[in-house]
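# Summary of structural features
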Amino acid sequence: MKRAWFDELAPRWDTLPGQPETAARVSTFVRKAIGHGCPSVVDAGAGTGVLVPALLGLPQPPALIVELDFAFAMLAENRRKHAGAPCVRWVCGDLSAPPLREGRFDAVLCFSALPHVEEKRAALARLFALLRPGGRLAVGHLMSSTALNAMHAAIGGAVASDELPPAPELAALCESLGARPVVVEECESEYTVVVEKLD
Ligand SMILES: C[S@@+](CC[C@H](N)C(=O)[O-])C[C@H]1O[C@@H](n2cnc3c(N)ncnc32)[C@H](O)[C@@H]1O
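Now for a quick tour of the structure.

What counts, and at which threshold
- Residues numbered from 1 in each chain as written.
- Predicted model: local features only at pLDDT ≥ 70, side-chain atom pairs only at ≥ 80, totals over all residues.
- Heavy atoms only, no water.
- Helix = DSSP H or I, 4+ residues; strand = E, 2+ residues; numbered from the N terminus.
- Rg over C-alpha atoms; globule rule 2.2 N^0.38 Å.
- Buried < 20%, exposed > 50% of the residue type's maximum accessible area, 1.4 Å probe, protein only.
- Contact = heavy atoms within 4.5 Å.
- Areas by Shrake-Rupley, 256 points an atom, 1.4 Å probe, with all protein chains shown as cover.
- 1 Å grid on protein atoms, 1.4 Å probe; cavity = no way out; pocket = protein on both sides within 12 Å on 5 of 7 lines; lining within 4 Å.
- Points joined across faces, edges and corners; volume = space filled by probe spheres on them.
- Nonpolar A, V, L, I, M, F, W, Y, C, P; charged D, E, K, R; others polar.
- Axes fitted to C-alpha atoms, helices over the stretch in contact; angles between N-to-C directions.
- Parallel < 35°, antiparallel > 145°, perpendicular 65-115°, else oblique.
- Left-handed = near helix turned anticlockwise from the far one by under 90°.
- Near = heavy atom within 4 Å.
- Polar contact = N/O pair within 3.5 Å; in protein donor to acceptor, adjacent residues only side chain to side chain.
- Pairing = 2+ DSSP bridges.

Okay, the overall build of the chain next. A tally of regular secondary structure across the chain gives 7 helices and 7 strands. Element order for the chain, N to C, with α for helix and β for strand: α-α-β-α-β-α-β-β-α-β-α-α-β-β. At 15 Å, the chain has a C-alpha radius of gyration in line with the 16 Å of a compact globule built from 199 residues. Within the chain, buried positions represent 49% of all 199 residues. Summarising the internal contacts of the chain: among those between residues at least 6 apart in sequence, 68% fall at separations of at least 24. Accessible surface, the chain as shown: approximately 9200 Å² in total, 56% of it carbon and sulfur.

Here Pro-39 lies in the loop between helix 2 (22-34) and strand 1 (40-44). Each C-alpha atom, one on Pro-39 and one on Val-182, is 19 Å from the other, the two residues being 143 residues apart in sequence. Each residue touching Pro-39, except ones within four places of it in the same chain, is listed here: Pro-62, Ala-63, Leu-64 and Asp-106.

What the largest pocket holds in volume is close to 1200 Å³. In terms of lining, the largest pocket is formed by 47 residues, of which the most central are Phe-6, Trp-13, Phe-111, Ser-112 and His-116. Secondary structure elements with two or more residues in the lining of the largest pocket: helix 1 (2-9), strand 2 (64-69), helix 4 (72-82), helix 5 (120-130) and helix 6 (145-155). Looking at the lining of the largest pocket residue by residue, the class counts come to 25 nonpolar, 13 polar and 9 charged.

It is worth spelling out the packing of helix 5 against helix 7 (residues 167-176) at this point. Where helix 5 contacts helix 7, the two axes come as close as 10 Å, and the packing angle between them is 60°. Considered as vectors, helix 5 and helix 7 are oriented oblique to each other. In terms of crossing hand, the pair formed by helix 5 and helix 7 is right-handed. Where helix 5 approaches helix 7, its residues Arg-121, Leu-124 and Phe-128 are matched on the opposing element by Leu-170, Leu-173, Cys-174 and Ser-176. Along the lines of polarity and charge, the residues of the contact of helix 5 with helix 7 split into 5 nonpolar, 1 polar and 1 charged.

Moving on: the site of the ligand. With respect to spatial proximity, 17 residues lie near the ligand, and among them Gly-45, Asp-69, Asp-94, Leu-95 and Phe-111 are the closest. Residue Asp-69 places a side-chain N or O atom 2.6 Å away from an oxygen atom belonging to the ligand. With respect to the ligand, the side chain of Asp-94 contributes an N or O atom lying 2.8 Å from a nitrogen atom. Its free accessible area being 600 Å², the ligand has 95% of it covered by the protein chains. In terms of residue class, the shell around the ligand is built from 10 nonpolar, 5 polar and 2 charged.

The next thing to look at is the sheet that holds strand 2. Here 7 strands make up an open sheet; going across it, the order is 3-2-1-4-5-7-6 and the pairing mixed. Since the sheet does not close on itself, it has two edges, and those belong to strand 3 (88-92) and strand 6 (179-187), each with one partner. Each adjacent strand pair in this sheet contributes to an overall mean axis angle of 15°, direction not counted. Note that strand 5 (residues 131-141) and strand 7 (residues 190-197) share 6 bridges and pair antiparallel. Residue pairing for strand 7: Gly-140 is matched across the bridge by Thr-192. Of the strands in this sheet, strand 5, strand 6 and strand 7 are in contact with helix 7, which crosses strand 6 at around 170°.

Spelled out as structure tokens, the structure:
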């Protein structure tokens, strides 16, 4: 049901009213997550690929960017927009059970997607498994968890009860899965949790 909801939205996703200065703020998130860059990145819940220009614009752009999403229509839009980027791959799959090689990636970015996953602990464990030791998992939003949860409740339908925990709570959950918090920030206009997988 949720997948169908996003599939239906896909052709309009990039024209929906967004946050002011979205591109610049997305770049800030990406730099907080991976600094100047890293060789391989999974964009989990990639949608139409809002992170791709920011990743390609890094001083050291990744050699591999995997755009992972379970909504085929979102990925189709993503591919149409970024087909010219040779380092980008598109994978249709559930981020709770990613069909990707474990221990292979330097970073997993989950931007505006985690609230839509019901079993967050299990999903995060699977995302951590994709990382090599020292790799980074970053969760980002352009608003606070309180504002986001209220927005989902107001939208209703398939996302009505999709929730994001407060940033310190998410960081604690990641710590319990064997990660070290690097950035834990939340205010009205931003939510960023970056953690590093321990050896
Ligand atoms: C709110 S959109 C955000 C898309 C993109 N990251 C952005 O910021 O524009 C959430 C995306 O996550 C995807 N998604 C939700 N649950 C997912 C899951 N369990 N596995 C893979 N993708 C998922 C949806 O299909 C959708 O494309």
